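Observations on chain architecture
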Amino acid sequence: MKQRLINLLPPVTIAAVLAFWAFAPESWVAAPWTIIVVGLAVLAFVQLLELVFERHESWRITGKELATDVFYVAFGYGVIGTLSELLVNEPMMELKQSLGIATPWLAELPFLVQVGIVMLVFEFGQYWMHRAMHNWHPLWLTHAPHHHITQLNAMKGFIGNPIELFLIGLSVIALLDVDLNALFAAFSSLGVIATYAHANVRADPPIWFGFVFTTIRNHSLHHTALSYEDTRCNYGNSVILWDRVFGTYREGESEVVGQDDRKRLSIREQWLFPFRPPVTQPAEEAAQS
């Protein structure tokens, strides 16, 4: 019974996030800090769950790992978030206005339907970008640092080369007319799923949840260090449904995660990874070009 309750943690957390955005005062929804606070609260909550419901001892968080993860969370919200807004979202909204693109009917749909549409559309782009990163060598060089992590924890989804972190967040969501609370609810829910999908928490959600959304089992297999072929599957960051639709879903999980010789990269090495001289690339990386 205890394990069954633990397994419900991911869907219950999503339900709590959805309830918050559905009933939050308009002033809270409009405030720029609210979505950040919600995201940080989810990260802190799941990180604490790792201490209570640990999945693998080999993934146990250390001070060095925690410090690196916190740095990337701050970098993600502060730098990547700002660049995405300035270089992608704002220009796209200007383009939307200049071309007269409008989808007012979306805002008239029920709250949960709007949330679902945003999640599916955003993850559709993430799926293909992620898949491209595994199949085109120049993009792989930006994504490979994320696969060099040797353990999974709640904040590991933020780890990676800055180029990848920017590219993986590209989307056309700014072209859609949806209620702001539904938009934020969708992104917060995606954040919840991605956090649990990287977390060292022994929660295996119900079958219905795992059919649509990514779980730690799906994502740990994607990060496995035991089989190169098994990393070429389960590309959905939060929505595994797209893998099922496009034939890249694979069942299984792996405790042993990492890349090549499973060497943990420093932040400097992660950031310089795409610019390494070709002669220093491991043979397995070269085979992916």
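Residues numbered from 1 in each chain as written. Predicted model: local features only at pLDDT ≥ 70, side-chain atom pairs only at ≥ 80, totals over all residues. Heavy atoms only, no water.

**Here's the deal with the overall build of the chain**
For clarity, the threshold we go by: Labels follow the DSSP assignment, with helices taken as runs of H or I lasting at least four residues and strands as runs of E lasting at least two, numbered in each case from the N terminus. When we talk radius of gyration, it's over C-alpha atoms, and the globule rule is simply 2.2 Å times the number of residues to the 0.38. Each residue's exposure class comes from its accessible area (1.4 Å probe, protein chains only) as a fraction of the maximum for that residue type: buried when under 20%, exposed when over 50%, partly exposed otherwise.
Along the chain, the regular secondary structure elements total 15 helices and 0 strands. Here the chain has a C-alpha radius of gyration of 19 Å; the compact-globule value for 289 residues is 19 Å, and the two agree. The principal-axis extent of the C-alpha atoms belonging to the chain is close to 50 × 50 × 35 Å. Counting over 289 residues, the chain shows a buried share of 48%.

**A short note on the environment of V115**
Applicable threshold: We call two residues in contact when some of their heavy atoms are within 4.5 Å.
Inspection of the secondary structure assignment puts V115 in helix α7 (residues 111-133). For the pair formed by V115 and D179, sequence separation is 64 residues and the distance between their alpha carbons is 9.2 Å. When residues no more than four places from it in sequence are discounted, the contact partners of V115 are L18, A182, A185 and A186.

**Some words on the nonpolar core**
Definition in use: Residues enter a nonpolar core if they are buried and are Ala, Val, Leu, Ile, Met, Phe, Trp, Tyr or Cys, with the set joined through side-chain atoms within 4.5 Å.
W21, V46, V115, M119 and V201 are the most contacted members of the largest nonpolar core, which has 39 residues in total. For this core, the elements supplying multiple residues, two or more each, are α2 (9-23), α4 (34-52), α7 and α10 (180-198). By residue number, the principal contributor to this core is α10, which donates 9 residues. Not counting chain neighbours up to four residues away, the residues in contact with V46 comprise A154, T195, Y196, A199 and V201. Among the nonpolar cores identified, the runner-up in size contains 10 residues, and I80, I159, I216 and V257 belong to it.

**Some remarks on the pattern of salt bridges**
Rules: Salt-bridge detection follows one rule: a side-chain nitrogen of Lys or Arg within 4 Å of a carboxyl oxygen of Asp or Glu.
Enumeration over the complete set of coordinates arrives at 11 salt bridges. Of the charged contacts, one joins E253 and R55 as a salt bridge, the two residues approaching to 3.2 Å between their closest N and O atoms. Taken together, the residues E253 in the loop between α13 (241-246) and α14 (267-272) and R55 in the loop between α4 and α5 (63-99) connect sequence positions 198 residues apart.

**Some thoughts on unusual backbone geometry**
Within the chain, N234 stands out as a residue other than glycine whose phi angle is a positive 50°. By secondary structure assignment, the location of N234 is in the loop between α12 (216-222) and α13. For N234, a relative accessible area of 0% corresponds to the buried category. Unusually for a residue other than glycine, R262 sits at a positive phi of about 60°. Among the structural elements, R262 can be located in the loop between α13 and α14. Residue R262 is classed as partly exposed on the basis of its relative accessible area of 35%.

**Regarding the confidence of the model for the chain**
Spelled out, the test is: Each residue gets a pLDDT score, which is the predictor's confidence in that residue and runs from 0 to 100.
Counting all residues, the mean pLDDT for the chain is 93, and 96% of those residues have values of 70 or more. When mean pLDDT is compared element by element in the chain, α13 scores highest at 98, while helix α15 (residues 283-287) scores lowest at 47. Scored below 50 in pLDDT, residues 279-284 makes 8 contacts in the model with residues more than four places away or belonging to other chains.

**Remarks on a nonpolar patch on the surface**
What counts is decided by this rule: Residues enter a patch when their relative accessible area is above 30% and they make no salt bridge; the linking distance is 9 Å between like charges and 5 Å between nonpolar side chains (Val, Leu, Ile, Met, Phe, Trp, Tyr). We get accessible surface area from the Shrake-Rupley algorithm with a probe of 1.4 Å; when it comes to residues, only the shown protein chains can shield them.
Taken together, M1, L5, L8 and V12 make up a surface patch of nonpolar side chains, about 430 Å² in accessible area. Summarising the element assignment, L5 is placed in helix α1 (residues 2-7).

**Examining α2**
Definition in use: Expected helix span is given by 1.5 Å per residue-to-residue step, counting one fewer step than there are residues.
Relative to the 21 Å expected for 15 residues at 1.5 Å per residue, α2 spans 21 Å between its end C-alpha atoms, a close match to the ideal helical length. For α2, the full list of buried residues reads L9, P10, P11, T13, I14, V17, L18 and W21.

**Quick look at the environment of L175**
Following the sequence through the fold, L175 ends up in the loop between α9 (162-167) and α10. C-alpha separation for the pair L175 and E253, spaced 78 residues apart in sequence, amounts to 37 Å. Look past the residues within four positions of L175 in its chain and what remains in contact with it is M92, K96, I101 and T103.

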